[in-house]
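A closer look at the structure
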Amino acid sequence: MPHLPLTSFRPPLWGLRPSRGLRRSRPLSTQSEPDGSAISRRNREAKQKRLREKQASLEAGIAPKTKSPAESSKAWTPKERVLYEIPTEHGEKKDVSRPLPPAYSPQYVEAAWYPWWVREGFFKPEYQARLPQATGETFSMCIPPPNVTGSLHIGHALTVAIQDALVRWHRMRGDRVLWVPGSDHAGIATQAVVEKQLWKERGVRRHELSREDFLREVWKWKEEKGGEICEQLRALGASLDWDRECFTMDTSSSVAVTEAFVRLYKAGLLYRSRQLVNWSCALHSAISDIEVESRPLPGRTELQLPGCPTPVSFGLLFSVAFPVDGEPGAEVVVGTTRPETLPGDVAVAVHPDDSRYTHLHGRQLCHPLTGQLLPLITDCTVQPHVGTGAVKVTPAHSPADAELGARHGLSPRSVIAEDGTMTTLCEDWLQGLHRFVAREKILSALRERGLFRGLQNHPMVLPICSRSGDVVEYLLKSQWFVRSREMGEQAAKAVESGALELSPSFHQKNWQHWFSHIGDWCVSRQLWWGHRIPAYLVVEEHAKTPDLAHFYPLSLLETGSDLLLFWVGRMVMLGTQLTGQLPFSKVLLHSMVRDRQGRKMSKSLGNVLDPRDIISGVELQVLQEKLRDGNLDPAELAIAATAQRKDFPHGIPECGTDALRFTLCSHGALGGDLHLSVSEVLSFRHFCNKIWNALRFILNALGEEFIPQPAEEPLLLQLSPASRMDAWILSCLARTAQDCERGFLTRELSLVTHALHHFWLHNLCDVYLEAVKPVLSHSPRPPEPPQVLFFCADVGLRLLAPLMPFLAEELWQRLPLRPGGPPAPSVCVVPYPSARSLEHWHQPELERRFSRVQESVQALRALRATYQLTKARPRVLLQSSEPGEQGLFEAFLEPLGTLGHCGAVGLLPPGAAAPSGWVQAPLSDTSQAYMELQGLVDPQTHLPRLAARRHKLQKQLDGLLARPPSEGEAETQRQQRLSSLQLELSKLDKAASHLRQLMDASPSPGGSPSP
C-alpha cells in the first residue's frame, strides 16, 4: 500500500473539501493553500503559544491553572472540517487509497463505514461463527427499547456506548454475538403525540374517529417519525443486528403478549379485580408506578394543572370540624390535604390509645357537608402525634384508607370520575365540576357553615403523572392484575443465591427490599394504541423460535440503575415464570448522567443533550430553537433558555462519535453519578487527533516498501542494548493489553479507557515516537524500529476498536498488509489482542527502570526552562555513584538527549570534577546532571530576566503569606503553593549565582569550552 511522505500531502489530490462548519456560525475558511501552508502556520503558532505557556508554568514550578468546565467550554474554536467526497455507493467499502488529511476530522472519519459494516454482515452471529478465532461461545444482549416517540438523549448514549464496547470486544474475541435492537410502542406517549397532531392539523379529537381510523393515523405517524432513534443508534456506531430489529407492536410481539397473558391466567397469576389504581385524569387511563413522579413539596406550592382554569395550591393542611352527634358543641377536628375528597368520607379514625378521644369511642359524627352520620373508629395505624390525631377515611381515593376500610368493613364511595370531575354521588352543587374547582366550593361551604378551622403549611409528597403533568388520582377500577408476591420471592432468592448477579453489588439491598414489599401489578391501560387484553381468545402455545433456543437466556443485561426495579425486576419475574429460567444471569447497572453542576438532565432545566449535537456540533441559536419547539411552559422556557446560554455561550463544538463514546466509557459503570461536560468530550477529540497524527507519522516512516512480518510468526526481534526503547514500548503495549483484557472481563470500562489513553498519549506519542525519530534517520536504518512501529499501530488500533470503532477502522485499513493468510476485512472482526499472546514482551522491571530515565528527562527540561534555552541544544553529562544507575543512563543516552531536548549526552565518571561553566542539577541522592551553559547564555542579558521573575514570584509568595490560614482542602492547596513558590525562588537564586560566576569567569560570551 503506497504512502506518500508528509510533504507531498496536497488538498487537490484528496477528493476532499473543507465544510462550512456549524450551522449559522461565522464562516470558516474554505481555502486550502498548497502544502497546507495556512493550516500549518496556524498550527505552528498555536503550538508555540502552548510551549511558551508550558515553559512559564515550569518556571513557576507548578502546572498551569486548570480552567473550570464552564471556562473550558468557552475556549473552543471551530475546527476546519474535511468531508469525504469520493463517490461511494451506500454500503460499498470506503476508498482508503488516498493519503490521510493533515488533521483529524470526525465527519471525514465517520463517513461510509457504518453502511458497509451492515451490508457485509459483520454484526450478525452467523458471520461471526465463521471467523478463524471463533470460540464457539455465545454472547447475547438486547438494547433497552427506547420509546418510539422520542429521540435518544445523553443517558441513552451512555447505555449504547457501554453495550457496544462490550459487544464489539466479544465479537473480536471470537464469540457468536447477538445484540438485538428494538423500540417500545410507548402507548401513552405515542397516543398523546398523535392526538395533539390531529387536533393541531385537522381540529379532530380521538373520540371523533373510530378506533381503526385512529390506529391507522398512529401507524402512519410511526412510519414517518419512528425512525429517528434508529438513525441515532447508527450515528453512535451501535453494532446491532438490524435484521432482527423488534418493535413491541409487531405481529410477533403481539403473539408473545397474548401467549404470556394466557399462560399467566392459567397459572392463576392473572386476575381481574376492582382495586385502587394510579389514574391519570388527563390521559383517562391507569398508569404504572414508574410513570408516577413523587414530587416533594416544602409547603404551599401553586401548580398549573391540565384542564384546570386556575393554579391550584398544594402543600397545605386544611382543618375541618366533624360535629359529634347528640352532643352540641362537641366536635372532632380532622386534618386533610384533599378537601375535594370530603364527599367520599365514610368514617373518622383515631388511635385506640389516644386519650383525647377515648370518651368518643363508638360514637357517630356528622359529615360537615351532608350531615350524614359517620362512625368514629379506632385503628392502630393512626398516628396520634400527627395533626390532630384524627383522620378522615376515604377508601375509594387513598391506598392507606382502602386498607383501613377493608379491616373495618367500610364501603368505599367513589366521588371523582375518570375525567377528574365530581361524580353523581356528590350533591347537585358539586356534580360535574373539575375536582380542584370543587375543592374551592367545598372550602367556601365549610366556612359558611362554621366548620372550617384553618389551614397551615404542610410538607408533603405529591404524586404527579410524568406523562401529562396532572396530579395522580387513586380510583377504584375493575382492572387486570398480576399476582407478584410468589414471582417476587423467586426473584429475590435468585439474587440471594448468586444465580443472578447485580453489579455494582450495592443494588442488592434495594432489590431485596422492593421484592419483599411488592404488591400486585396492574397491567390494564385504557388506550387505543397498545396490546388489547386477549381475555376473549383461546390461544395455543407456540414452540420456541431458533433464536430463543440459541440466544436465551441473555448473557448480560446492561441498563441504567433507575430501571432496576420497574423494568429489570419485572423481566426477571416474567422471564422466569414463562420460560422456567432466569432471562439473564448478570445485570450491569450504570449511573445516572448529570450535568457538570450535578443536576439531573431535564428539559425544563435546558440541560438535556442530544448526542448528535455533541457529535456534529451545534450553535447556541439552534439549541434555543429546539427549546422553543418543545412543550415547556413560558416560565420553564425562560429558565431553560437562560441556563443554556450560560452553559453553551458559543454552542457546542463538533466532537465526533468516537470522542463521545470514549468519554462516556471512561466514567465506567461502577461509580457514582456521571457529571458530563462538553469540554471533557472535546479533550478526547484532541486525543483522537493525537492518534491520527501518530498514524500519519508511522505510515510515513514505514514507507512504500515496508513489509510487516508474517502474521503467523510472533514478533521476535533480536534486541540489543541499543534497542532498549523498542523493548520498553513493547512492554508497555503488552501491559496495556493486559489492562484492557482485565477491564473487559470485569466490565470496568474505565480501566480500558485509562490504559489506552496512557499508552497512546504518554507511552507512544510523548516518548517512543519522539525517541525513535533520530534512530529512523540513521543510515543504514535499523530494521527493528519500523516493525515495532507497525506492531504498535496494529495492536494499538485493535485494542482501541471496541471504544473508537470509526477512527480505528479508518486508520487500521491503511496499514500495510501482512504476507501470509487472508487478511481480515475489517477491524470489527479481526482478533482482539489477548494478554497471553503478548506476555513474552512484558518486562515490568524494564518499565520501572525507564521511569527513572523519564524523571531525569523532566529534570533536564526544567533546567532548560530555568535558563530559557528555547533553541539551543546544550551538551549534558550524567554522573552517578551507583553502578546500576550509571548502567541505566548508559543504556538510554540517545533517548535522554532526544527527550530532554539536549545535545550529546555523556557520562562523567564517579568522583570526577564538574566541567567549568556547566550548571549542575540533582537527579537523585546518588546522581546529578551537568548542562553546558557557557557560550549558550549571556549572563548580562539573562540576570535581569531572572531578577524580574524572582520579583514576580516573591510578590506572589508575600501575598499568600499575608492571607490568614484556611481550613481543609483550601489550606492544603495553599501550603502546596507556598512550597512550590519557595522551591522556585531557591532555583532562581542558584541560577543567578551560577550566572554571576560565569560572568566573572568569562565576561563576554564567545567560545564554547570543552568539558
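Note that the structure is a prediction, hence the values are computed from the model and not measured.

What counts and what doesn't
- Residues numbered from 1 in each chain as written.
- Predicted model: local features only at pLDDT ≥ 70, side-chain atom pairs only at ≥ 80, totals over all residues.
- Heavy atoms only, no water.
- Helix = DSSP H or I, 4+ residues; strand = E, 2+ residues; numbered from the N terminus.
- Buried < 20%, exposed > 50% of the residue type's maximum accessible area, 1.4 Å probe, protein only.
- Contact = heavy atoms within 4.5 Å.
- Areas by Shrake-Rupley, 256 points an atom, 1.4 Å probe, with all protein chains shown as cover.
- Phe/Tyr/Trp six-rings, centres within 6.5 Å; stacked < 30°, edge-to-face > 60°.
- Lys NZ or Arg CZ within 6 Å of the ring centre and 35° of its normal.
- Arc of directions from axis to C-beta.
- Core = buried A, V, L, I, M, F, W, Y, C linked by side-chain atoms within 4.5 Å.
- Pairing = 2+ DSSP bridges.
- Axes fitted to C-alpha atoms, helices over the stretch in contact; angles between N-to-C directions.
- pLDDT = per-residue confidence, 0-100.
- Salt bridge = Lys/Arg side-chain N within 4 Å of Asp/Glu carboxyl O.
- Parallel < 35°, antiparallel > 145°, perpendicular 65-115°, else oblique.
- Nonpolar A, V, L, I, M, F, W, Y, C, P; charged D, E, K, R; others polar.
- Disulfide = S-S within 2.5 Å.
- Left-handed = near helix turned anticlockwise from the far one by under 90°.

Quick notes on the overall build of the protein chain
Looking only at helices and strands, one finds 31 helices and 30 strands in the protein chain. Put simply, the protein chain has 1011 residues, and 50% of those count as buried. In the protein chain, the proportion of contacts linking residues at least 24 apart, taken out of those at least 6 apart, comes to 78%. Counting only carbon and sulfur atoms, one obtains 52% of the accessible surface of the protein chain, whose full area is about 47000 Å².

What to know about the packing of aromatic side chains
Tallied over the full model, the rule gives 30 aromatic pairs. Connected via pairs of aromatic rings, a cluster forms that spans Y84, Y104, Y108 and W692. The cationic tip of R483 hangs over the ring face of Y271; the distance from NZ or CZ to the ring centre is 4.1 Å.

Looking at the environment of C740
Its place among the elements puts C740 in helix 22 (residues 724-746). The spatial distance from the C-alpha of C740 to the C-alpha of L756 is 7.7 Å, given a sequence separation of 16 residues. Excluding its chain neighbours within four sequence positions, the residues that come into contact with C740 are V752, A755, L756, L799 and Y832.

Observations concerning helix 4 (residues 113-120)
Among the residues of helix 4, W113, Y114, W116 and W117 are the ones counted as buried. Across the axial projection of helix 4, the buried residues extend over an arc of 165°, all falling on one side. Two residues or fewer past helix 4, G121 is found with a positive phi of approximately 80°.

A few points about the nonpolar core
Ranked by size, the top nonpolar core spans 167 residues in total, and within it I154, I691, I729, W760 and Y768 carry the most contacts. Sort the elements by how many residues they give to this core and helix 23 (residues 749-776) lands first, with 16 residues. If we ignore the near neighbours within four places in the chain, the residues touching I154 are V593, M601, L609, P611, I614, L660, L664 and L676. Counting residues in hydrophobic clusters, the runner-up holds 39 residues, among them Y271, A445, L446 and L451.

Let's talk about the sheet that holds strand 8 (residues 285-286)
The strand order across the open sheet built from four strands is 8-7-20-22, with neighbouring strands paired in antiparallel fashion. Each end of this open sheet is capped by a strand with a single partner; those strands are strand 8 and strand 22 (521-522). Two strands pair when backbone bridges link them, and strand 7 (residues 270-280) and strand 8 are joined in this way by two bridges, in the antiparallel orientation. Bridge assignment links S280 to a residue of strand 8, and that residue is S285.

Digging into the sheet that holds strand 14 (residues 347-350)
Taken in spatial order, the four strands of this open sheet run 15-16-14-17, and their pairing is mixed. Both edges of this open sheet fall to strand 15 (364-366) and strand 17 (390-393), since each of them pairs with a single strand only. Direction aside, the axes of adjacent strands within the sheet are offset by 35° on average. In this sheet, strand 16 (residues 373-378) lies alongside strand 14 in parallel orientation, the contact comprising three bridges. In the sheet register, V348 faces strand 16, and the bridge partner there is L376.

Digging into the environment of Q512
Here Q512 lies in helix 14 (residues 507-516). Spatially, the C-alpha atoms of Q512 and A491 are 8.7 Å apart, while their sequence positions differ by 21 residues. Among residues more than four places away in sequence, those in contact with Q512 are A492, V495 and E496.

Concerning the confidence of the model for the protein chain
Confidence in the prediction of the protein chain, expressed as mean pLDDT, is 86, and 88% of residues score 70 or more. Of the regions scoring below 50 in pLDDT, residues 712-721 engages in 21 contacts with residues more than four places distant in sequence or in other chains.

Comments concerning the pattern of salt bridges
When the charged atoms of two side chains lie near each other, side chains of opposite charge can form a pair. Scanning the entire structure with this criterion turns up 47 salt bridges. Put simply, E473 and R338 hold a salt bridge, and the shortest N to O gap is 2.8 Å. With E473 in strand 20 (residues 473-482) and R338 in the loop between strand 13 (331-336) and strand 14, this pair connects stretches of sequence that are 135 residues apart. Accessibility classification places E473 together with R338 in one group, the buried group. Residue R356 pairs with D354 through a salt bridge whose shortest N-O separation is 2.8 Å. Judged by its relative accessible area of 42%, R356 is partly exposed. Judged by relative accessible area, which is 6%, D354 ranks as buried. Taken together, the salt bridges that share partners define one network made up of K124, E126, D241, D243, R244 and D547.

Focus: the packing of helix 27 (residues 844-866) against helix 28 (residues 883-891)
Relative orientation of the contacting elements helix 27 and helix 28 amounts to 75°, with a least axis distance of 10 Å. What the angle tells us is that helix 27 and helix 28 run roughly perpendicular. Contact with helix 27, carried on its side by R849, R852, V853 and S856, involves G884, E885, L888 and F889 of helix 28 and no other residues of that element. Looking at side-chain class alone, the contact of helix 27 with helix 28 contains three nonpolar, two polar and three charged residues.

A look at the state of the cysteines
All chains considered together, the criterion is met by zero disulfides. Not engaged in a disulfide, the cysteine C792 finds its nearest cysteine sulfur in C732; these two sulfurs lie 8.9 Å apart.

Some remarks on unusual backbone geometry
Following S503, the chain continues to P504 via a peptide bond in cis, the omega torsion being 0°. Mapped onto the secondary structure, P504 falls in the loop between strand 21 (501-503) and helix 14. In the segment running from S779 into P780, the intervening peptide bond is cis, with an omega of 0°. Secondary-structure assignment places P780 in the loop between helix 23 and helix 24 (784-800). Here the phi dihedral of R747 falls at roughly 60°; this positive angle occurs in a residue that is not glycine. Structurally, R747 is set in the loop between helix 22 and helix 23.

Topic: the pairing of strand 20
A large share of strand 20 lies buried, amounting to eight of its 10 residues. Pairing of strand 7 with strand 20 involves 10 bridges; the strand directions are antiparallel. Of the residues in strand 20, the one forming a bridge with L270 is V482. Pairing between strand 20 and strand 22: two bridges, direction antiparallel. Bridge pairing in strand 22 links F481 to C522.

Here's the deal with helix 28
When we look at burial in helix 28, the residues that qualify are E885, Q886, L888 and F889. Viewed end-on, helix 28 has its buried residues packed into an arc of 160°, placing them on one side of the element. Projecting away from the buried face of helix 28 at angles above 90 degrees are the exposed residues P883 and E890.

Regarding the side chain of S253
Mapped onto the secondary structure, S253 falls in helix 10 (residues 251-266). Not counting residues within four places of it along the chain, the set of residues in contact with S253 comprises F247, T248 and H531.

Focus: the packing of helix 22 against helix 24
Two elements in contact, helix 22 and helix 24, have axes whose closest approach is 11 Å; the angle formed by their N-to-C orientations is 15°. For the element pair helix 22 / helix 24, the angle class is roughly parallel. Seen along the crossing, helix 22 lies across helix 24 with a hand that is left-handed. On helix 24, the residues that touch D726, I729, L730, L733, T736, A737 and C740 of helix 22 are E784, P785, V788, F791, C792, V795, G796 and L799.

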